[in-house]
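Coordinates in review
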Amino acid sequence: METVIAALQTSKQVLLHAPTGAGKSTGLPLAILQQSQLPGRIIMLEPRRIAARSVAERLAEQLNEPVGITIGYRMRSETKVSASTRLEVVTEGILTRMLQQDPELNGVSLVILDEFHERSLQADLALALLLDVQEGLRDDLHLLVMSATLDNQRLSSLLPDAPVIVSEGRSYPVTRSYHPLSPHQSFEQSVASAVLRLLQQETGSLLLFLPGVGEIQRVLSQLAGKINDDTLLCPLYGALSLSEQRKAIAPAPVGMRKVVLATNIAETSLTIEGIRLVVDSGLERTSRFEPKSGLTRLMTQRISQASMVQRAGRAGRLEAGICWHLFSQEQAERAREHNEPAILHSDLSGLLLSLLQWGCRDSTQLHWLDNPPQPALTVAKSLLQRLGALGDNQQLTSRGWQMAGSGSEPRLAAILCSGKERCLSKENKENGSTEQNRAALVTAAKLVAILEEPPRRGQPDLLYWMTTDQRHWLQRANQLVRNFADHRADKNKAQRLPDNSEDLRLDLVPELLVQGFPDRIAKNRDHLGRFQLANGLGVALEREEPLSGEAWLVTPSLQQGSHHPDARVLLACSLDIEQTIKQHALLFTEHTTVEWDDNRGSLRAWKRLQCGRLVVKSQPLAKPSAAELREALLNWVRQAGLSALNWSQAALQLRIRLQRATEWLPEVEWPAVDDEALLDSLEQWLLPALGNVDDLKGLRQIELSSCLMGLLDWQQRQILDNELPTNYTVPTGSRITIQYFHDKPPVLSVRMQEMYGEQQNPVLAKGRVPVVIALLSPAHRPLQITQDLAAFWQGAYREVQKEMKGRYPKHLWPDDPANTAPTRSVKKQM
């Protein structure tokens, strides 16, 4: 500790690598507070709320004080600080908001980033902003980055002047062994068997790491009734109530021990009393944002080697411990070394909003361990524009500034802003009482509280949950209303959120949801629970759910699985599409399209109102013009695919020649003729041939080879005909067709007598590609395939000659074919 304190006196940035149990979270902060010369407050970032509260309570306990005096904490929905607080433990979003509200962090001398190895999105953002503050505003601000498994090499390149301090810690030895799960049992059964086996062999409480809540509940049911009466079963995950979390963390009653079944929430900072045994499933649940779909997919994956070390270390906090890894040592050695940074696979809309609020329009202006990926930033920018946060000038709008200051995710912040705007609208002020107007914000606040911490199971209808008075939702909604109230009078009224659902405006829920999730409007596809989103993706409800019969939904909460193409709808609300058109006209666009009706076999024109890819209304139009007719034909081809056209052998061969020319003659710039490229360039090669075509029959009669030739200029045509010709003139003067293939050399099929006197195989593409010769009998049946004609004449030809002389005696079978004149005739004619 003295080394760290000394380093902080001379360096603005310090890196600390200390293993689990070294006291870096609960011992070092107090030592810095009491022994360093730093005059201001200390802010310590903890990645999770349960860890932040636990660390603050442990620090305060060492001072014999309640939390909120010298040691305090800040997190969403809960704050315990006072004027005398000198060390604040905060969660990630809180630190970012503190920086945005006061970039200089006045009164703060040191910021500690604890458990930085987790590489959460907000921790990476906080580090980038803090480095910016140090560089431009506060050269006296100190930064301490610490973890049990730091990637020191990469951090040192980002912070080259920061001393790296490595502590051995004071944890006890942990015996680690590997016990792969049985392939003959289910995952839950096999895990439960390992836990019961270790409990029988060893004393002490046990911590079991599982990937998610579902696995925790299933293993709990496997263990129930099989463990001794002196053993408590305690689940531990983020969505548990505070009382249940405290039960899992607290020491077991005297004479008892416990089994804590936890997600990776228990990997860091959190001290679980009495743990001597650890069972590690080696799995974790992680979310991965897919920019293409705009959805976040939940994935179960192997943990990193760093996480294995962290998990094993939980067994050595109080005495020598034991860790069983439920996988092979080989799997452990193949695992990645460190956790994958969340910034590389997360939705970056919140990060982009924070950067714009910071005044940074180009993420590369800040210093990052890993730069935010450009595709995800592009998707984030598009979303912020749809939410009304970003204007055409690429700057935050007034709504954008409100959203940025709300502390909520952009989609939820847009809902809150909409509720507030509705309260302040002139129409509402004139037509309703103050309480009625305020109901819009109250409704928005409760809706956001539910979406922040959604129910884990049961009814997917959001209106059902809006009328359910769960205490944590009401507390969070109260806080949101207070945060968004502008005037003192409003804030006084906002001190208590009405508990009665009659005080909410349930009729506003669909409108508010559309404000935050315009791309999640969904249209029923089959009345069997399958819907299509405005962005084109499929989503599904269980058929038995009442909402599955609704024509339109808005679906704010979705779960994209890895084995099903349709995302699962977790929460939704029915939508009156006519009302939505009136309230959100900008979400809808009119399109005039002309297309072929396959059932009628004729052309039809339509005027359509669409929400993204969803057709809301269709109206038939009069007979289309010639230009609309040609456009319709091209659209039909795009929809039906190129295979719907009549591809002659000449056209197919031309496509293959062009594709092989790209491979064999790369020095020439050839047009792409794969399906995707041809569909994208229909106007260039197919449209010129549509002059007199007015139906599908005429479309299918077009000779496509001449159309494709239109993609080539004169020079390209000359090179193609010379180097990859359609025919080859054999020694007799016959022009024989060369057959081209996608995956093998070109072939020349010719009767053997017409190749007499030819010494070598012909070559194409400036001599780079030899032609395979398929030598045929007089009856045009295959006799030999060769790429070395000279070797064939000298070798295998003898066997062919013996057999063919008797079968075709009228034809010429010379002893020296390489030096014999070729012929098309029989002996008599010769």
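Residue positions are given per chain, counting from 1 as you read along its sequence in written order. Restriction of local features to residues with pLDDT of at least 70 applies here, the model being predicted, together with a cutoff of 80 or more for giving and counting side-chain atom pairs; totals for whole chains, interfaces and linings are based on all residues. In computing side-chain values, all of the structure's heavy atoms are included and hydrogens and water are not.

Comments concerning the pairing of strand β1 (residues 13-17)
Cut-off, in case you're wondering: Here's how the labels work: a residue is buried when its accessible area is under 20% of the maximum for its type, exposed when over 50%, partly exposed in between, all with a 1.4 Å probe on protein chains only. Strands here mean DSSP runs of E at least two residues long; helices mean DSSP runs of H or I at least four residues long; both are numbered from the N terminus. Here the rule is simple: two strands pair whenever DSSP picks up at least two bridges between them.
β1 sits mainly inside the fold: four of its five residues count as buried. Pairing geometry for β1 and strand β7 (residues 142-147), over five bridges, is parallel. Pairing of Q13 across the sheet is with L143, part of β7. Of the pairings in the sheet, the one linking β1 to strand β8 (residues 164-166) comprises three bridges and is parallel in character.

Some thoughts on the nonpolar core
Selection criterion: Put simply, buried Ala, Val, Leu, Ile, Met, Phe, Trp, Tyr and Cys residues joined by side-chain atoms within 4.5 Å make one nonpolar core. Here, residues are in contact when the closest pair of their heavy atoms is within 4.5 Å.
Of all hydrophobic cores here, the largest spans 100 residues; its most connected members are V111, L113 and I415. If sequence neighbours within four positions are ignored, V111 has contacts with I43, L95, L105, L130, L141, H142, L143 and L144. With 62 residues, the next largest nonpolar core counts W685, M752, M804 and W813 among its residues.

Section: the pattern of salt bridges
The criterion, for reference: The term salt bridge refers to a side-chain nitrogen of Lys or Arg lying within 4 Å of a carboxyl oxygen of Asp or Glu.
In this structure the tally under the stated criterion is 40 salt bridges. Its salt-bridge partner being D370, residue R119 comes within 2.7 Å of it at the nearest N-O pair. Note that R119 is positioned in the loop between β6 (108-113) and α5 (121-136) and D370 in the loop between α12 (349-358) and α13 (374-386), a separation of 251 residues in sequence. A salt bridge links R505 to D507, with the shortest nitrogen-to-oxygen separation between them at 2.8 Å. Connected through salt bridges with shared partners, the residues E188, E215, R218 and R285 form a single ionic network.

Remarks on the environment of I521
Inspection of the secondary structure puts I521 in strand β17 (residues 521-524). When its relative accessible area of 0% is taken as the criterion, I521 is described as buried. When the C-alpha atoms of I521 and S574 are compared, they prove to be 9.7 Å apart, with 53 residues separating the residues in sequence. Each residue touching I521, except ones within four places of it in the same chain, is listed here: V514, Q532, L533, A534, W552, L553, V554, L575, T580, L587, C611 and L614.

With respect to the domain arrangement of the chain
So the rule is basically this: The split of the chain into domains comes from an automatic or database domain assignment. Buried area: the accessible area, evaluated with a 1.4 Å probe, that two parts lose upon being put together, summed over both parts. The definition of a polar contact used here is a pair of N or O atoms within 3.5 Å, where within protein one atom must be able to donate a hydrogen and the other to accept one, and adjacent residues in sequence count solely through side-chain atom pairs. For this classification, Asp, Glu, Lys and Arg are treated as charged, while Ala, Val, Leu, Ile, Met, Phe, Trp, Tyr, Cys and Pro are nonpolar and the rest, including Gly, are polar.
Taken domain by domain, the chain holds domain 1 (1-166), domain 2 (174-344), domain 3 (643-723) and domain 4 (727-807). Both sides of the domain 3 and domain 4 interface together cover about 1100 Å² of buried area, and 53% of this is carbon and sulfur. The largest share of the area that domain 3 buries against domain 4 comes from R660, W664 and E723, three residues that together contribute 49% of it. At the junction of domain 3 with domain 4, the criterion picks out two salt bridges. With a shortest N-O distance of 3.2 Å, R768 and E667 are connected by a salt bridge. At the surface where domain 3 touches domain 4, the tally comes to 10 residue pairs in polar contact (both at pLDDT 80 or more). With seven residues, the single largest contributor to the side of domain 3 that touches domain 4 is helix α24 (residues 649-664). Tallied by class, the residues present in the side of domain 3 that touches domain 4 amount to four nonpolar, three polar and four charged.

Re the sheet that holds strand β10 (residues 205-209)
This is how it is decided: Under this scheme, a helix contributes an axis fitted over its contacting stretch, all axes are lines through C-alpha atoms, and angles between N-to-C directions fall in the 0 to 180 degree range.
Taken in spatial order, the six strands make up an open sheet running β9-β16-β13-β10-β12-β11, and their pairing is parallel. Because the sheet does not close on itself, it has two edges, and the strands there are β9 (174-178) and β11 (231-236). Across the sheet, the axes of successive neighbouring strands diverge by a mean angle of 15°, strand direction being ignored. Along the sheet, helix α10 (residues 305-313) contacts β9, β10, β13 (275-280) and β16 (321-325); its crossing angle with β9, the most-contacted strand, is approximately 125°.

Overview of helix α8 (residues 213-223)
So the rule is basically this: Relevant arc is that of directions from the helix axis to the C-beta atoms, nothing else.
Among all positions in α8, only V213, E215, I216, V219, L220 and L223 are buried. With its buried residues spanning 155° around the axis, α8 presents them on a single face. Looking at the buried side of α8, the elements it contacts are α7 (187-201), β10, β11, β12 (257-262) and β14 (283-290). Positive backbone phi, approximately 85°, marks G225, located one or two places after α8.

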